[in-house]
Amino acid sequence: MTPDPGRRIRAIGLISGGLDSTLAARVLLEQGIDVVGLHFSTGFCMNDHRRALARPDEDPRRMRNEGLRAGADLGIPIEVLDAGEAYLRMVLKPKHGYGRFANPCIDCRIFMIHGAADYMREHGGDFVFTGEVLGQRPMSQHMQALRMIERECGIEGFLLRPLSAQHLPESEPEKRGWVDRERLLGISGRSRKEQMALSERWGLSDFPQPSGGCCFLADENFARRFHDKRTHDAPESIRKEEMILLKVGRHFRIAPGVKIIVARDASENEFLARYEGARWRFEVLDCGSPITLVEGEPDDETRRLIASITARYSDRRAEPLVEVTARRGPLEERLTVPPVADAALEAWRL
Amino acid sequence: MHGLDLSPGAVSPDTERADRVIDTTGLYCPVPIVRTGEAIRGMRTGERLEILSDDRVILIDLPAWCRAHGHLYEGAREEDGVWRLRVVKAERTAR
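Every residue gets a number counted from 1 within its own chain, in the order that chain's sequence is written. Here chains are named by letter from A upward and ligands by number from 1 upward, in the order in which they appear as written. Note on the predicted model: pLDDT of at least 70 is required for a residue's local features to be given, and 80 or more for side-chain atom pairs to be given and counted; whole-chain, interface and lining totals, by contrast, use all residues. Side-chain measures here rest on the full set of heavy atoms in the structure, leaving out hydrogens and waters.

Caption draft 1: Focus on the overall build of chain B. Counting from the N terminus, the helices are DSSP H or I runs at least four residues long and the strands are E runs at least two residues long. For chain B, the helix and strand inventory stands at two helices and four strands. Sequence-ordered secondary structure for chain B, helices as α and strands as β, is β-α-β-α-β-β. Classification of residues uses two cut-offs on accessible area relative to the type maximum, computed with a 1.4 Å probe and protein chains only: under 20% is buried, over 50% is exposed, and between them is partly exposed. Counting over 95 residues, chain B shows a buried share of 51%. Should any heavy atoms of two residues lie within 4.5 Å, those residues are counted as being in contact. For chain B, contacts bridging at least 24 residues in sequence account for 70% of all contacts bridging at least 6. Computed by Shrake-Rupley with a 1.4 Å probe, the accessible areas treat only the displayed protein chains as cover when residues are assessed. Summing over all exposed atoms, chain B offers an accessible surface of approximately 4,500 Å²; the carbon and sulfur share of this is 45%.

Structure below.
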């Protein structure tokens, strides 16, 4: 990890496109360091999901990738990496557990920093940096966690946090004179005043607000469905597609082995239809009706209940009896049922 | 169309042959960008890549990706709901 004389120092950083990672990159660029940004696509980004449900008339600028935007603004290359199956396995069984919701923040940091270290080894680089701020987040950004993350990633000494460096032990890039410690920052805590002042000084105004607000894993509603899923199914058997479906519709667990997803509008109907596959699909034909997808194997009685819930969310909810069509591949069944009472629904809702 | 500026170029991408074409229809950004990065890594400087996509967000993300990497974004045009976008690989892809 010693650069050739005359070669510019190259830093590999995690760039979400939020203010902190953008500032961290900018601090290093100010010191004449080459910066390459890595942006992980995890499958749990709310912005990515918004694209999948976007109306045709929606302005695509509102759904842009913030990592790419930050790279263009900073003039640094951004590699977008698919975190893929390995990330899903980590999320379902995080070594360091979950935060308040389904957020495995420590394991997530380790996963991404590991990825950055691998990238550095494969493509060349002298150290890794992140926009982490000491004390900003309770689970992953206290002193002990920052040190442990570095140790577990196997790049001890070669992980720089430019925004909080002056509060942290000297890193190898500082010791070796690649980076001037005096020009790194001493930010700590949850206040973002210093970051805002720096963004103003450097003319960085086009960034998303607030940080950490775009991850499904840190969302209370998603977390409830996520934990229900992993407690009813073996985590190793859960597929990416099932995680995608947790983001859409109303979810009801109506039996230990049966869960249903009821679309909330036309765009969710269209979305769910793409994932029908070998699942049962319920709907009321010839009127405004949600598509209901079923996970699991419902028996006769359970299928009547699913029909009744589907009827409740259709335009015929006020009628005493509604005919609901259930299909699964070549199978078709017509069930005439009363729409379920709202009070009963709450016992099953996730 | 949201006042999107598809220049430089708004070129007719058919006037020059693409050296490689990738079809990312059905995939949402940033996946088409991931595929673009993978494809362009295996190409030579000056070669032209054509990307097919039905996600309009690529009209924002691909020019940003090109600006960040120094590749030349030539423009895009739509045919039956599918965007055809063209990129010419630059000599240097990092600062």
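Once you've had a look at it, read on.
Caption draft 2: Geometry of the layout of surface pockets. Lining residues are those with an atom within 4 Å of a point, where the points come from a 1 Å grid over the protein atoms alone and group into cavities, where a 1.4 Å probe fits but cannot get out, or pockets, open sets with protein on both sides within 12 Å along at least five of seven lines. Grid points are joined across faces, edges and corners, and a volume is the space filled by probe spheres set on the points. Counted as a void, the second largest pocket has a volume near 560 Å³. Polar here means any residue outside two lists: the nonpolar Ala, Val, Leu, Ile, Met, Phe, Trp, Tyr, Cys and Pro, and the charged Asp, Glu, Lys and Arg; Gly therefore counts as polar. Taken together, the residues of the lining of the second largest pocket break down into 13 nonpolar, six polar and six charged.

Caption draft 3: A look at unusual backbone geometry. All names here are of chain B. In this structure, P30 follows C29 across a cis peptide bond, with omega equal to 15 degrees. Looking at the secondary structure, you find P30 in the loop between β1 (20-23) and α1 (31-41). Phi at D80 takes a positive value of approximately 50 degrees, unusual for a residue other than glycine. By secondary structure assignment, the location of D80 is in the loop between β3 (72-79) and β4 (82-88). Looking at D80, the relative accessible area reads 81%, which means it is exposed.

Caption draft 4: Spatial organisation of the sheet that holds strand β6 (residues 250-255) of chain A. Residue and element names in this part refer to chain A. Read from one edge of the open sheet, six strands run β6-β7-β9-β8-β10-β11, paired in antiparallel fashion. Because the sheet does not close on itself, it has two edges, and the strands there are β6 and β11 (331-337). Averaged over all pairs of adjacent strands, the angle between strand axes in this sheet comes to 25 degrees, irrespective of strand direction. Along the sheet face, helix α9 (residues 220-232) touches β6, β7 (258-262) and β9 (292-295) and points at about 30 degrees away from the line of β6. Only strands that DSSP links by at least two bridges are regarded as paired with each other. Angles run from 0 to 180 degrees between N-to-C directions of axes, and those axes are lines fitted to C-alpha atoms, restricted for helices to the stretch in contact.

Caption draft 5: Quick look at the packing of aromatic side chains. Residues and elements named next belong to chain A. A pair of Phe, Tyr and Trp rings is counted when the ring centres sit within 6.5 Å of each other, with Trp represented by its six-membered ring. The angle between the planes then sorts it: under 30 degrees is stacked, over 60 is edge-to-face, the rest tilted. According to the stated counting rule, one finds 11 aromatic pairs over all chains in the structure shown. Both rings, one in F271 and one in Y275, keep their centres 5.2 Å apart while their planes meet at 40 degrees; by these two values the pair is tilted. Judged on exposure class, the residue F271 and its partner Y275 are both buried. Judged by centre distance (6.2 Å) and plane angle (50 degrees), the ring pair of W280 and F282 falls under tilted. A relative accessible area of 0% places F282 in the buried class. Through a chain of ring-to-ring contacts, three or more aromatic side chains come together here, namely F40, F44, Y87, Y98, F111, F216, F222 and F226. The aromatic ring of W202 is capped on one face by R201, whose charged end is 5.9 Å from the ring centroid. Look at NZ for Lys and CZ for Arg. If either is within 6 Å of the ring centre and within 35 degrees of the ring normal, a charge sits over the ring. Its end group placed over the ring of F44, K247 keeps NZ or CZ at 5.8 Å from the ring centre.

Caption draft 6: A look at the interface of chain B and chain A. Taken residue by residue, the interface counts 22 residues in chain B and 33 residues in chain A. By buried area we mean the combined loss of accessible area, with a 1.4 Å probe, across both parts when two parts are placed together. Each partner contributes to the roughly 2,300 Å² buried at the junction of chain B and chain A, and carbon and sulfur atoms together form 59% of this total. The rule for a salt bridge is simple: a side-chain nitrogen of Lys or Arg has to be within 4 Å of a carboxyl oxygen of Asp or Glu. Where chain B meets chain A, there are one salt bridge. Residue E79 of chain A is joined to R41 of chain B by a salt bridge in which the shortest nitrogen-to-oxygen separation is 3.1 Å.

Caption draft 7: Quick look at the packing of helix α5 (residues 105-123) of chain A against helix α6 (residues 143-152) of chain A. Residues and elements named next belong to chain A. Where α5 contacts α6, the axes come no closer than 9 Å and their chain directions differ by 40 degrees. As far as their axial angle goes, α6 and α5 are oblique. Considering the relative orientation of α5 and α6, their crossing is right-handed. Across the interface between the two elements, I106, R109, I110, I113 and H114 of α5 pack against M148, I149 and E152 of α6. Looking at the contact of α5 with α6, its residues break down into five nonpolar, one polar and two charged. Angles are sorted into four bins: roughly parallel if under 35 degrees, roughly antiparallel if over 145, roughly perpendicular if 65 to 115, and oblique for all others. By convention, the crossing between two helices is left-handed when the near helix turns anticlockwise from the far helix through less than a right angle, and right-handed when the turn is clockwise.

Caption draft 8: Up close: the confidence of the model for chain B. Residue and element names in this part refer to chain B. As a per-residue measure, pLDDT tells how confident the predictor is, with possible values from 0 to 100. Residue-level pLDDT values for chain B average 84, and 80% of them are 70 or greater. This stretch, residues 1-12, has a pLDDT under 50; its non-local contacts, to residues over four places away or in other chains, come to 24 contacts. Listed scores for the predicted complex are pTM 0.88 and ipTM 0.77.

Caption draft 9: Spatial organisation of the sheet that holds β1 of chain B. Residue and element names in this part refer to chain B. Taken together, four strands build an open sheet; the order of strands is β1-β2-β4-β3 and the sheet is mixed. Each edge of the open sheet is held by one strand with a lone partner, namely β1 and β3. Pairwise comparison of adjacent strand axes, ignoring direction, gives a mean angle of 20 degrees for this sheet. Sheet analysis places β3 next to β4, joined by seven bridges and oriented antiparallel.

Caption draft 10: Spatial organisation of the pairing of β1 of chain B. Residues and elements named next belong to chain B. In terms of strand pairing, β1 meets strand β2 (residues 48-53) through four bridges, oriented parallel. Bridging across to β2, D23 finds its partner in L52. Convention used here: a crossover is right-handed provided that the path from the first strand, over the helix, to the second strand proceeds clockwise when the strands point away from the viewer. This β-α-β element, β1 to α1 to β2, shows right-handed connectivity.

Caption draft 11: Inspection of the side chain of H251 of chain A at higher detail. Residue and element names in this part refer to chain A. Position of H251 among the secondary structure elements: in strand β6. On the basis of relative accessible area, H251 is assigned to the buried category, the value being 1%. Side-chain atoms alone can form a polar contact between residues adjacent in sequence; in general such a contact is a pair of N or O atoms within 3.5 Å, and within protein one must be able to donate a hydrogen while the other accepts it. Here K259 takes part through its side chain, which lies 3.0 Å from a polar atom of the side chain of H251. Leave out the neighbours within four places in its chain, and H251 touches R225, L245, L246, K259, I260, I261, W348, R349 and L350.

Caption draft 12: Representation of the nonpolar core. Only buried residues count toward a nonpolar core, which is a set of Ala, Val, Leu, Ile, Met, Phe, Trp, Tyr and Cys residues joined through side-chain atoms within 4.5 Å. Counting residues in hydrophobic clusters, the biggest one holds 97 residues, and the most contacted among them are L28, F44, Y87, F127, F129 and F226 of chain A together with L62 of chain B. Considering each element in turn, this core owes the most residues, 10 residues, to α5 of chain A. Not counting residues up to four positions away in its chain, the partners in contact with L62 of chain B are I33, T36, I51, Y73, L85 and V87 of chain B. Counting residues in each nonpolar core, the second largest holds 21 residues, with I254, F282, A311 and V324 of chain A among its members.

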